[in-house]
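# Structural description and commentary
Chain by chain, the residues:
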Amino acid sequence: MAALVRPRDGRMIGGVCAALAQRFGTSATTMRVIFVLSCLLPGPQFLIYLALWVLLPSEKAASTAW
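Definitions and cut-offs
- Residues numbered from 1 in each chain as written.
- Predicted model: local features only at pLDDT ≥ 70, side-chain atom pairs only at ≥ 80, totals over all residues.
- Heavy atoms only, no water.
- Phe/Tyr/Trp six-rings, centres within 6.5 Å; stacked < 30°, edge-to-face > 60°.
- Helix = DSSP H or I, 4+ residues; strand = E, 2+ residues; numbered from the N terminus.
- Buried < 20%, exposed > 50% of the residue type's maximum accessible area, 1.4 Å probe, protein only.
- Axes fitted to C-alpha atoms, helices over the stretch in contact; angles between N-to-C directions.
- Parallel < 35°, antiparallel > 145°, perpendicular 65-115°, else oblique.
- Contact = heavy atoms within 4.5 Å.
- Nonpolar A, V, L, I, M, F, W, Y, C, P; charged D, E, K, R; others polar.
- Disulfide = S-S within 2.5 Å.

### Concerning the packing of aromatic side chains
Counting across every chain of the model gives 2 aromatic pairs. The interplanar angle of 35° and the centroid separation of 5.1 Å between the aromatic rings of phenylalanine 35 and tyrosine 49 together place this pair among those described as tilted. Here the residue phenylalanine 35 occupies a position in helix α2 (residues 28-38), and tyrosine 49 occupies one in helix α3 (residues 45-55), the gap between them amounting to 14 residues. Phenylalanine 35 sits in the partly exposed class, given a relative accessible area of 22%.

### Section: the packing of helix α1 (residues 16-24) against α3
At a minimum axis separation of 9 Å, α1 and α3 run at an interaxial angle of 80°. Here α1 is positioned roughly perpendicular relative to α3, judged by the angle of their axes. The residues of α3 that touch α1, namely those facing Val16, Cys17 and Leu20, are Tyr49, Leu52 and Trp53. Counted by class, the contact of α1 with α3 contains 6 nonpolar, no polar and no charged residues.

### Here we look at the state of the cysteines
This structure, assessed with the given rule, holds 0 disulfides. Cysteine cysteine 17 is unpaired, with the sulfur of cysteine 39 as its nearest cysteine sulfur at 8.8 Å. Judged by relative accessible area, which is 8%, cysteine 17 ranks as buried.

The following block contains the structure:
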């Protein structure tokens with residue numbers, strides 16, 4: 001499994017769904033659909049998304065050697 005970091009490419013809002021998709025080997029679109037559908041159920045899904053946005057580190061930029 002890949003490390004749980006928010007990717008620099010493929011983000012829509014915060015990159016949380018893209019990070020979870022990379023981690024579990026699914027597409028980002030699938031993860032976004034699952035998230036939107038889960039928001040129809042009662043629970044703290046949106047708060048968890050915000051917490052992951054704050055807590056997950058962003059992927060480091062590729063260093064360019066001069």
